Amino acid sequence: MTETVHPLWPAPYADGPVDAKITVPGSKSVTNRALVLAALASEPGWLRRPLRSRDTLLMSAALQAMGVGIEETVSSTTTGGSGEAWRIIPSGLHGPASVDVGNAGTVMRFLPPVATLADGPVRFDGDPRSHERPLGGVISALRALGARIDDDDRGTLPMTVHGGGALEGGSVRIDASSSSQFVSALLLSGPRFNQGVEVRHVGGVLPSLPHIRMTVDMLRAVGAQVDEPETGGEPDVWRVSHSALLGRDLTVEPDLSNAQPFLAAALVTGGRVTIPDWPERTTQPGDALRHIFTEMGGSCELTTTPDGTALVFTGSGRIHGIDIDLGEVGELTPGIAAVAALADSPSTLRGVAHLRLHETDRLAALTKEINGLGGDVTETEDGLHIRPRRLRGGVFHTYDDHRMATAGAVIGLAVKDVQVENVATTAKTLPDFPQMWAGLLGV
């Protein structure tokens, strides 16, 4: 098999502090959850300012393949401008259909439960890495709830879900310690199951809880009744009642995790970056950056503008190490590791063993690539220990992982002659990243 050779992108070096206003595209996590809920609703709905990226376009195409209508328009905004909007028109879900998941965890995990409600077979496949990512928990749970799935007993892609037009649902036990998306996947379709669904997590520590909170909040916003631990329910148990879902008009928040490299740029260069439309309240894990990067040497302020709130983040010119459990916000680890490699003291990042099962083994990849530039990173049982060293230029490989690419770009701000391999992989969730990065630096 011939290995794909990707071009090298010279990561821009910062000669001084950055000072920029960066408009971050919409949240992938919100966009893809909203698409699923709108597709299962009893009436049409609107999704405004959605993220247009590889992952969200894969989700849209998959739903359309199963019969959902999605119309793309340009709509007026409250500020007098215009913005993209998608009108989602639910329809009878059907097969035969073929779904390309790419390497999108949300697509490969959220859509098999939807496919059980389709009338006919739905085949799922994707990038080679998608065949290695955990999916067995979703497959076994759906079988326990009455689904018929052909995966040749692999517990991974490729597979075919033989939809019967409905699913009985009920109670199911699942080990979601490898991905909180297992829980979200069952909850999102749960209102359409005949008995609803009760999901009981029975494994180790459940990672990325903010993403489950996001799922619960979005379900409630479209009329679903959800009982869950944080509002008095049983620990590690989520219940969604059978009900119709409402079509809503939803405006997608900016993707706060994708704001990370730009905030890191302010921290690394001792500059200032403003992110418009930063929400005052959100379930997005990226909101934790305000606290994390402040502890690492910056300062932030939520300001009120005529168009809403904005986050202003300012670097102090110093970067401090950090000892932190990132179990709830694991997707932030690559960017934090990049900043930590440039700090004035060691860092320990804990609680992220599940990152070995993400787009790539992120712990091994970060260790290899930072050390390849002269760093001193040690992989631990559940994270990384990073001792700052004087880094040098070289190739920073991405392993087709968008967050590895942005981590390499952050290091390149402070280290000359860093070349990021396959920066185009950022299109997974952050289209036009190289152009946005150049704009940040005024190059």
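Refer to the structure printed above.
The notes below deal with the structure included here. (Residues numbered from 1 in each chain as written. Predicted model: local features only at pLDDT ≥ 70, side-chain atom pairs only at ≥ 80, totals over all residues. Heavy atoms only, no water.)

### Describing the overall build of the protein
Selection rule: Elements are defined by DSSP. Helices are runs of H or I of four residues or more, strands are runs of E of two residues or more, and each kind is numbered from the N terminus. In this description the radius of gyration comes from C-alpha coordinates, and the expected globular size is given by 2.2 Å times residues to the power 0.38. Burial classes follow relative accessibility: with a 1.4 Å probe on protein chains only, a residue under 20% of its type's maximum area counts as buried, one over 50% as exposed, and anything between as partly exposed. Only four residue types enter the charge count, namely Lys and Arg as positive and Asp and Glu as negative; His and the chain termini do not. In plain terms, the charge of a residue is placed at NZ if it is Lys, CZ if Arg, CG if Asp and CD if Glu.
Along its length, the protein carries twelve helices and 23 strands. A compact globule built from 443 residues should have a C-alpha radius of gyration of about 22 Å, and the protein, at 21 Å, falls within 12% of that. Judged by the C-alpha coordinates and their principal axes, the protein covers about 60 × 50 × 45 Å. Out of the 443 residues in the protein, the part that is buried amounts to 58%. Each charge class in the protein can be summarised by its mean position, and for the 37 positive and 52 negative side chains these summaries are 1 Å apart.

### Brief notes about the nonpolar core
Definition in use: The set of buried Ala, Val, Leu, Ile, Met, Phe, Trp, Tyr and Cys residues whose side-chain atoms join them within 4.5 Å is what this entry labels a nonpolar core. Contacts are assigned to residue pairs that have any heavy atoms within 4.5 Å of one another.
The biggest cluster of nonpolar side chains holds 71 residues, and the ones touching the most others in it are Leu63, Met66, Leu111, Phe124 and Leu187. What methionine 66 contacts, discounting residues up to four positions off in sequence, is Gly92, Leu93, His94, Ala97, Leu111, Val114, Ala115 and Val122. Leu289, Met296, Ala340 and Leu355 belong to the second-largest nonpolar core, a separate cluster that totals 68 residues.

### Some words on the packing of aromatic side chains
For any pair of aromatic rings, geometry is given as the distance between the ring centres together with the angle between the planes. Here is the rule we go by: Two aromatic rings, drawn from Phe, Tyr or Trp (for Trp, its six-membered ring), form a pair once their centres lie within 6.5 Å of each other, and the interplanar angle then sorts them: stacked below 30 degrees, edge-to-face above 60, tilted otherwise.
All chains considered together, the criterion is met by five aromatic pairs. Taking the centre distance of 5.7 Å and the plane angle of 55° together, the rings of phenylalanine 262 and tryptophan 437 count as tilted. Taken together, the positions of phenylalanine 262 in helix α7 (residues 260–269) and tryptophan 437 in helix α12 (residues 433–441) put the pair 175 residues apart, joining distant regions of the chain. With respect to class, phenylalanine 262 is no different from tryptophan 437; both count as buried.

### Things to note about the side chain of threonine 282
Here is the rule we go by: Residues adjacent in sequence count toward polar contacts only when both atoms are side-chain atoms; beyond that, a polar contact is any pair of N or O atoms within 3.5 Å, and within protein one must be able to donate a hydrogen and the other to accept it.
Among the secondary structure elements, threonine 282 is positioned in the loop between β15 (272–276) and α8 (289–295). At 2.8 Å, the side chain of threonine 282 forms a polar contact with the side chain of glutamate 253. In this structure the side chain of threonine 282 is engaged in a polar contact, spanning 3.0 Å, whose partner is the backbone nitrogen of glutamine 284. Excluding residues within four positions of it along the chain, threonine 282 makes contact with Glu253, Leu256 and Asp287.

### Concerning the pattern of salt bridges
Selection rule: For salt bridges, the criterion is a side-chain nitrogen of Lys or Arg within 4 Å of an Asp or Glu carboxyl oxygen.
Applying the stated criterion across every chain yields a total of 28 salt bridges. Two residues, glutamate 198 and arginine 200, come together in a salt bridge whose shortest N-O distance is 3.7 Å. According to the relative accessible area criterion, arginine 200 is partly exposed, its value standing at 22%. Via salt bridges that share partners, Glu198, Arg200, Glu234 and Arg239 belong to a single interconnected network.

### Focus on the packing of helix α5 (residues 181–189) against helix α6 (residues 209–221)
The condition is simple: Here an angle of 0 to 180 degrees is reported between the N-to-C directions of two axes, which are lines fitted to C-alpha atoms, with helices fitted over the stretch in contact. These descriptions rest on fixed angle ranges, namely under 35 degrees for roughly parallel, over 145 for roughly antiparallel, 65 to 115 for roughly perpendicular, and the rest for oblique. Polarity classes work like this: nonpolar for Ala, Val, Leu, Ile, Met, Phe, Trp, Tyr, Cys and Pro, charged for Asp, Glu, Lys and Arg, and polar for all others, with Gly in that last group.
Where α5 meets α6, the axes come as close as 9 Å, and the angle between the chain directions of the two elements is 5°. As judged from the angle between their axes, α5 and α6 are roughly parallel. Facing α5, whose interface residues are Val183, Ser184, Leu187 and Leu188, α6 presents His211, Ile212, Thr215, Val216 and Leu219. In the contact of α5 with α6, the residues fall into six nonpolar, three polar and no charged.

### Topic: the sheet that holds strand β23 (residues 418–421)
So the rule is basically this: Two strands form a pair only when DSSP identifies at least two bridges running between them.
The strand order across the open sheet formed by three strands is β1-β23-β22, and the pairing between neighbours is mixed. Among the strands making up the open sheet, the edge pair consists of β1 (8–10) and β22 (394–396). The mean inter-strand angle of the sheet, taken between neighbouring strand axes irrespective of direction, is 35°. Both β1 and β23 contribute to a ladder of three bridges, which runs antiparallel. Residue tryptophan 9 lies in a different strand from β23, and its bridge partner there is valine 420.

### A closer look at the sheet that holds strand β20 (residues 376–379)
Taking strand neighbours across the sheet as the criterion, the four strands line up as β18-β19-β21-β20 in an open arrangement whose pairing is mixed. Unpaired on one side and paired on the other, β18 (323–325) and β20 mark the two borders of the sheet. Along the sheet, successive strands turn relative to each other by an average axial angle of 10°, direction set aside. Pairing geometry for β20 and strand β21 (residues 384–387), over four bridges, is antiparallel. Within the sheet, the bridge partner assigned to glutamate 379 lies in β21 and is leucine 384. Seen against the sheet, helix α9 (residues 333–340) touches β19 (347–350) and β21 and runs at an angle of roughly 170° to β19.

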